[in-house]
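Fold and geometry: a report
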Amino acid sequence: MSVERKDDHDHDAWLEEKDLTPIEHTFLATLVWLDKRLRLVDYLELLETLYYRVNLQMPKSHTEQYNLDNKFWYWYPLYSLGFFSTLAYVVAAISGALLGFYYSPSAAAGAVDIEGATVAYSTVATIMTDLNFGFFLRSLHRWAAQVMTAAVFLHMLRVYFTGAYKEPREVNWIIGIVLLSLTMVFGYTGYLLPWDQLAFWAGQIGVEMSLSIPLIGEWVAQLVFGGFSPGQPTLQRMYIFHVFLLPFVVTTVIAIHLGLVWMQGIAEPH
Amino acid sequence: MADDEHTDDAARTDGTGIVPPDDETPTWRERKERTTGLSRLTYEYFERSRREDQDLREESDYVERDVLAFPVWPHELIRNLALTSFFVGMIFFLASTLPPHLGAPANPSQTPSIILPDWYLYWSFGLLKLGPLNPDLAILGGEKLMADRTYGVVANLVVVGFIAIVPFLNKGSARRPVEQPFWASVGVMGVVFAVTISALSMKNLVPLDSSLLFDLTFLVPPIAGAITYAVLKTMREGYMYDLNRRYYKLRPPK
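Residues numbered from 1 in each chain as written. Chains lettered and ligands numbered in written order. Predicted model: local features only at pLDDT ≥ 70, side-chain atom pairs only at ≥ 80, totals over all residues. Heavy atoms only, no water.

The helix and strand tally for chain B stands at nine helices and two strands. Put simply, chain B runs from its N terminus to its C terminus through helices and strands in the order α-α-α-α-α-β-β-α-α-α-α. The long-range fraction of contacts in chain B, counting pairs at least 24 apart against all pairs at least 6 apart in sequence, stands at 56%. (Helix = DSSP H or I, 4+ residues; strand = E, 2+ residues; numbered from the N terminus. Contact = heavy atoms within 4.5 Å.)

And the structure:
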């Protein structure tokens, strides 16, 4: 008797005893050779799983179950508003990052030959006139922001009028209100960045609003606007809010909002 | 104590100190049942809720009303992707056809005749102009309790606060506006008020007498709400009529 252990996985011996045609033999030998080196079997299993997943029969949705699609299809755009505002946020984030390469939040005198133009104003003017696709980029950023805000408002109305905020979704409703407020703050801080007349006087309104908060008004005005009239500190702070603080906060809150929707499921139309 | 541990050599033969399970080893279920205090309460609650869920599933004849939620994947997400990819295309279309305007550079010494924030802040801006509603108290000799500006900021907080507590005021399984005419009309009143208060915020641009505009701002929303309420009540009567008409199975004609 041999002292050597019997090899249960001697694939060559297995190949010999199988009595295969040359084509089959070559195929199997190649497969074994590749599998020993690349663990092909794992990837084949993955593919197999994918194949069965793709060919699975889809479960019936609520509206299919009750044959409501013919009555409900025209409401579906309203049900997609939440997802749409997320996508608009992504569009705004990408175009905003590209704009950030060229924008500078400085209220110092700018280089453009316009009376009273600051650096911030002239970088925006440069983006719009000199930069390739810059005009479109700013337009895209602005429209994505406007459309996102509109979509968020309409999304809230849809949720309200279909009663989708009811138990067990109260917490997500409140998170949604926080997100809506943050979206408006996002819009406001961005509105101030070009530092044109509208931006300056909107900043003035903001300062006055925070000053009218009882007790802590002056403190809030100094914290948020860096003083009691719009200027370099205001622009700097709005820039940091817009490109640093709010993106992190809003992205996190959106993730929580969507995570809750995923966990709690969709409140479909009844 | 130390001696006891040293006598049990069998448990440490593999060097890890892990005891292999035998007949005496409690299952996880038994371990959970044996716990006390908060973990025991947690265990009991989870068992109850699991049983409740299972009972509901078994007893349900799966009418619409029993269904609380549907999974996001696949239907909702696929449908949303299809619709919103079109909407994103619309953003690009708008961006390329209607580029934004860049106004004159900031000039602190020249106040423009029209100062407005972006459109989505009009409602908030309008709430800052509620000065005439700020009560002046006789006790204080006609003085106001709050400055008008403070009053406006408080009005903002009240509106947002009310919207936040809606889920705790409106409970029950009613979903459609016809099923809850009151809350639907509150919603319509809110939407119309958002529009009228926005109009008030730019009253120098609206071709109406400003005191008339102020009155309309507060008169139109309740009227719209009342109309909505009446319409939804009527619609509900119609629904109930349809339902009642089909409720009894009638004897077929001879």
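Bringing a nonpolar patch on the surface into the picture now. A cluster of nonpolar residues, Leu-208, Leu-212, Leu-216, Leu-219, Val-220, Ile-223, Ile-227, Val-231, Met-235 and Tyr-239 of chain B, forms a patch on the protein surface that exposes about 850 Å² of accessible area. Tracing the backbone through its elements, the reader meets Leu-208 of chain B in the loop between α8 (181-201) and α9 (210-247). (Patch = residues over 30% accessible without salt bridge, like charges linked within 9 Å, V, L, I, M, F, W, Y side chains within 5 Å. Areas by Shrake-Rupley, 256 points an atom, 1.4 Å probe, with all protein chains shown as cover. Salt bridge = Lys/Arg side-chain N within 4 Å of Asp/Glu carboxyl O.)

So, about the side chain of Arg-158 of chain A. Looking at the element boundaries, Arg-158 of chain A is found in helix α9 (residues 134-161). Buried charge Arg-158 of chain A goes without a salt bridge, the closest partner of opposite sign being Glu-76 of chain B at 6.2 Å. Dropping the residues within four chain positions of it, Arg-158 of chain A is found in contact with Leu-78, Tyr-79 and Ala-164 of chain A. (Buried < 20%, exposed > 50% of the residue type's maximum accessible area, 1.4 Å probe, protein only. Lys, Arg positive; Asp, Glu negative; His and termini not counted.)

All names here are of chain B. This model, assessed by the stated rule, comprises seven salt bridges over all chains. We note a salt bridge from Arg-29 to Glu-33, for which the minimum N-O separation is 3.6 Å. Highlighted residues: Arg-29 and Glu-33, both in helix α2 (residues 28-34), separated by four residues, approximately one helical turn. Glu-33 gets classed as partly exposed once you look at its relative accessible area, which sits at 36%. Arg-40 serves as the salt-bridge partner of Glu-44, at 2.9 Å between the closest nitrogen and oxygen. One end of the pair, Glu-44, and the other, Arg-40, are both in helix α3 (residues 37-59), four residues apart, so they sit about a helical turn from each other. For Arg-40, a relative accessible area of 26% gives the class partly exposed. Each of the salt bridges in this network shares a partner with another, and the network as a whole consists of Arg-29, Glu-33, Glu-47 and Arg-50.

Taking 1.5 Å of rise per residue, 20 residues should cover 28 Å, and helix α7 (residues 81-100) of chain A covers 28 Å from first to last C-alpha, within 8% of that figure. Here α7 of chain A has its buried residues at Leu-81, Gly-82, Phe-84, Ser-85, Thr-86, Ala-88, Tyr-89, Val-91, Ala-92, Ser-95 and Leu-99 of chain A. Among the structural elements, α6 (76-79), α8 (119-129), α9, α10 (170-192) and α13 (232-264) of chain A together with α4 (72-97) of chain B are those in contact with the buried residues of α7 of chain A. (Expected span 1.5 Å × (residues − 1).)

Now for the side chain of Arg-169 of chain A. Counting through the fold element by element, Arg-169 of chain A comes out in the loop between α9 and α10. Of the side chains bearing the opposite charge, Glu-170 of chain A lies closest to the buried Arg-169 of chain A, which forms no salt bridge; the N-O distance is 8.7 Å. Of the polar contacts made by the side chain of Arg-169 of chain A, one reaches the backbone oxygen of Gln-264 of chain A; its length is 3.5 Å. If sequence neighbours within four positions are ignored, Arg-169 of chain A has contacts with Ala-164, Gln-264, Gly-265, Ile-266 and Ala-267 of chain A together with Leu-68, Ala-69 and Arg-175 of chain B. (Polar contact = N/O pair within 3.5 Å; in protein donor to acceptor, adjacent residues only side chain to side chain.)

Residue and element names in this part refer to chain A. Packing of helix α2 (residues 22-38) against helix α3 (residues 40-54) leaves a shortest axis separation of 7 Å and a crossing angle of 95 degrees. On the basis of the axis angle, α2 is roughly perpendicular to α3. Residues Leu-31, Leu-34, Asp-35 and Leu-38 of α2 form the contact with α3, whose participating residues are Leu-40, Val-41 and Tyr-43. Taken together, the residues of the contact of α2 with α3 break down into six nonpolar, no polar and one charged. (Axes fitted to C-alpha atoms, helices over the stretch in contact; angles between N-to-C directions. Parallel < 35°, antiparallel > 145°, perpendicular 65-115°, else oblique. Nonpolar A, V, L, I, M, F, W, Y, C, P; charged D, E, K, R; others polar.)

Attention now goes to α8 of chain A. All names here are of chain A. Among the 11 residues that make up α8, eight are buried, leaving the element largely enclosed by the rest of the structure. Of all the positions in α8, only Ala-120, Tyr-121, Ser-122, Thr-123, Val-124, Ala-125, Ile-127 and Met-128 are classed as buried. Buried residues along α8 sit against α7, α9 and α13.

Accessible area lost when the parts come together is the quantity often used to give the size of an interface. Listed as interface residues are 80 residues of chain A and, on the opposing side, 77 residues of chain B. A buried area of about 7100 Å², summed over both sides, lies between chain A and chain B, and 70% of it is on carbon and sulfur atoms. There are one salt bridge connecting chain A and chain B. If you look at where chain A meets chain B, you find 23 residue pairs in polar contact (both at pLDDT 80 or more). Counting only elements with at least two residues in the side of chain A that touches chain B, the list comes to α4 (62-65), α6, α7, α8, α9, α10, α11 (197-211) and α13 of chain A. Here the side of chain A that touches chain B is built from residues that sort into 51 nonpolar, 17 polar and 12 charged. (Buried area = accessible area lost by both parts, 1.4 Å probe.)

In this section: the nonpolar core. Grouped together as the largest cluster of nonpolar side chains are 74 residues, with contacts concentrated most on Phe-84, Tyr-103, Tyr-160, Trp-173, Tyr-188 and Val-250 of chain A together with Ile-91 of chain B. Broken down by element, the residue count for this core peaks at 11 residues, all from α10 of chain A. Sequence-distant contacts of Phe-84 of chain A, that is, excluding residues within four places in its chain, are made with Val-147 and Ala-151 of chain A together with Thr-84, Phe-87, Val-88 and Ile-91 of chain B. (Core = buried A, V, L, I, M, F, W, Y, C linked by side-chain atoms within 4.5 Å.)

How two aromatic rings sit relative to each other is set out by the distance from centre to centre and by the angle between their planes. Summed over the entire model, instances satisfying the criterion amount to 19 aromatic pairs over all chains. With a centroid separation of 6.0 Å and 40 degrees between ring planes, the pair formed by Phe-136 of chain A and Phe-92 of chain B is classed as tilted. One end of the pair, Phe-136 of chain A, is in helix α9; the other, Phe-92 of chain B, is in helix α4, on a second chain. Residue Phe-136 of chain A is classed as partly exposed on the basis of its relative accessible area, which comes to 24%. We classify Phe-92 of chain B as partly exposed; its relative accessible area is 36%. (Phe/Tyr/Trp six-rings, centres within 6.5 Å; stacked < 30°, edge-to-face > 60°.)

With that settled, the discussion passes to empty space enclosed by the protein. Summed over the entire model, instances satisfying the criterion amount to one cavity of 30 Å³ or more. Looking at the largest cavity, the residues that line it are Tyr-160, Phe-161 and Tyr-165 of chain A together with Asn-170, Pro-177, Gln-180, Trp-183 and Ala-184 of chain B. The set of elements that each furnish at least two residues to the lining of the largest cavity consists of α9 of chain A together with α8 of chain B. In the lining of the largest cavity, the residues fall into six nonpolar, two polar and no charged. (1 Å grid on protein atoms, 1.4 Å probe; cavity = no way out; pocket = protein on both sides within 12 Å on 5 of 7 lines; lining within 4 Å. Points joined across faces, edges and corners; volume = space filled by probe spheres on them.)

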